Amino acid sequence: QVQLVESGGGLVQAGGSLRLSCAASGRTFSSYAMGWFRQAPGKEREFVAGIIWSGGNKYYADSVKGRFTISRDNAKNTVYLQMNSLKPEDTAVYYCAADKLPGRVVVPRTLPDFDSWGQGTQVIVSS
C-alpha cells in the first residue's frame, strides 16, 4: 500500500476554483493509476476522476467533465485535481486513492480497484 495525504480543500463561492493535491509515499508512485473520489453527507463515495500511471489516459465522471482536470507529476509523487466553475453540489469530502494493480492502461473507476486512500479534504461551495 501507499500513504496518501490530500490538501487544498476549503470554502469557495460558486463559480470559483480550487486545486487539490495528493502527495504519495511508500510505493513506486509512477507505476500506479490514481483516482479522486468524493463523498457528500448521507451519500455514497463516488468516482470523480482518474489517471493512469503515465498520465496518458484520463477519465471523468459526467458531473465534472469540462470543469475538473486531473493531472500528475511523477517526479513529485503527486496527483492534482483542478476544480473550476464549482457548484454547491460539488460540496463533499474529496479523497485520493491509489490503484491496487501497477501498469493499468485503462483508468480504474470503482472503489474495489483501489487499495490505498487518503484521509480526505473538505470542499465546501457556497451559493
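For the structure, check the block above.
Along each chain, the written sequence defines residue order, and numbers are assigned to residues from 1. Whole-chain, interface and lining totals are the exception, using all residues; otherwise, since this is a predicted model, local features are given only for residues with pLDDT of at least 70 and side-chain atom pairs are given and counted only at 80 or more. Side-chain metrics rest on all non-hydrogen atoms present in the structure, leaving aside hydrogens and water.

### Remarks on the pattern of salt bridges
- By definition here, a salt bridge exists when the distance from a side-chain nitrogen of Lys or Arg to a carboxyl oxygen of Asp or Glu is within 4 Å. Overall, the coordinates contain seven salt bridges when judged by the stated rule.
- Close ionic contact of arginine 27 with aspartate 115 constitutes a salt bridge, the shortest N to O distance being 3.3 Å. Of this pair, arginine 27 sits in the loop between β3 (18-25) and β4 (32-39) while aspartate 115 sits in strand β10 (residues 114-117), and the two are 88 residues apart along the sequence.
- Buried means the residue's accessible area, taken with a 1.4 Å probe over protein chains only, is under 20% of the maximum for its type, while exposed means over 50%, and partly exposed covers the values in between. Given a relative accessible area of 19%, arginine 27 falls into the buried group.
- Across the pair arginine 38 and aspartate 90 runs a salt bridge, and its minimum N-O distance is 2.9 Å. Here arginine 38, found in strand β4, pairs with aspartate 90, found in the loop between β8 (78-83) and β9 (92-102); they are 52 residues apart in sequence, far enough to count as distant. Strands here are runs of E lasting at least two residues and helices are runs of H or I lasting at least four, both read from the DSSP assignment and numbered beginning at the N terminus.

### Let's talk about a nonpolar patch on the surface
- A contiguous nonpolar surface patch, about 290 Å² in accessible area, is contributed by Trp53, Val105 and Val106.
- With respect to the element layout, tryptophan 53 can be found in the loop between β5 (46-51) and β6 (58-60). Grouping into patches uses exposed residues only, defined as over 30% relative accessible area, and leaves out salt-bridged ones; the cut-off is 9 Å for like charges and 5 Å for nonpolar side chains (Val, Leu, Ile, Met, Phe, Trp, Tyr). Throughout, the Shrake-Rupley method with a 1.4 Å probe supplies accessible areas, and for residues the shown protein chains are the sole cover considered.

### Structural notes on the packing of aromatic side chains
- Aromatic rings from Phe, Tyr and Trp, with only the six-membered ring used for Trp, were paired whenever their centres fell within 6.5 Å, and each pair was classed as stacked if the ring planes differed by under 30 degrees, edge-to-face if by over 60, and tilted otherwise. Taken as a whole and assessed by the stated rule, the structure comprises five aromatic pairs.
- Considering the side-chain rings of phenylalanine 37 and phenylalanine 47, the 5.6 Å spacing of their centres and the 80° angle between planes classify their relative orientation as edge-to-face. One end of the pair, phenylalanine 37, is in strand β4; the other, phenylalanine 47, is in strand β5, and ten residues separate them in sequence.
- Through a chain of ring-to-ring contacts, the aromatic side chains of Phe37, Phe47, Tyr59, Phe114 and Trp117 assemble into a single cluster.
- Think of it as a cone above the ring: NZ of Lys or CZ of Arg counts as a charge over the ring if it is within 6 Å of the ring centre and within 35 degrees of the ring normal. Residue placement shows arginine 45 over the ring face of tryptophan 117; its charged tip is 5.0 Å from the ring centre.
- Above the ring of tyrosine 59, the side-chain terminus of lysine 65 is found at 5.9 Å from the ring centroid.

### A short note on the state of the cysteines
- Two cysteine sulfur atoms form a disulfide, by the criterion used here, when they sit within 2.5 Å. Scanning all chains against the criterion turns up one disulfide.
- Through a disulfide, cysteine 22 is tied to cysteine 96; the S-S separation comes to 1.9 Å. Classification of the bridge connecting cysteine 22 and cysteine 96 rests on its S-S torsion, roughly 45°, and on that basis the disulfide is right-handed. Residue cysteine 22 is found in strand β3, and its partner cysteine 96 is found in strand β9; the two are separated by 74 residues along the sequence. Like cysteine 96, cysteine 22 is buried.

### Notes on the sheet that holds β3
- Think of it this way: DSSP has to see at least two bridges between two strands before they count as a pair. In spatial order, the strands read β1-β3-β8-β7; together these four strands make up an open sheet with antiparallel pairing. For this open sheet the edge positions go to β1 (3-7) and β7 (68-73), each flanked by a neighbour on one side alone. Strand-to-strand twist of the sheet, defined as the mean angle between neighbouring strand axes without regard to direction, takes the value 15°. For helices, the fitted line uses only the C-alpha atoms of the stretch in contact; every axis is such a line through C-alpha atoms, and the angle between N-to-C directions lies from 0 to 180 degrees.

### Structural notes on the nonpolar core
- In terms of nonpolar packing, the biggest core is built from 29 residues, with Trp36, Leu81, Met83 and Tyr94 touching the most fellow members.
- By nonpolar core we mean a set of buried residues, namely Ala, Val, Leu, Ile, Met, Phe, Trp, Tyr and Cys, connected to one another through side-chain atoms within 4.5 Å. Counting six residues, the second largest nonpolar core, distinct from the first, contains Phe37, Phe47, Ile52 and Phe114.

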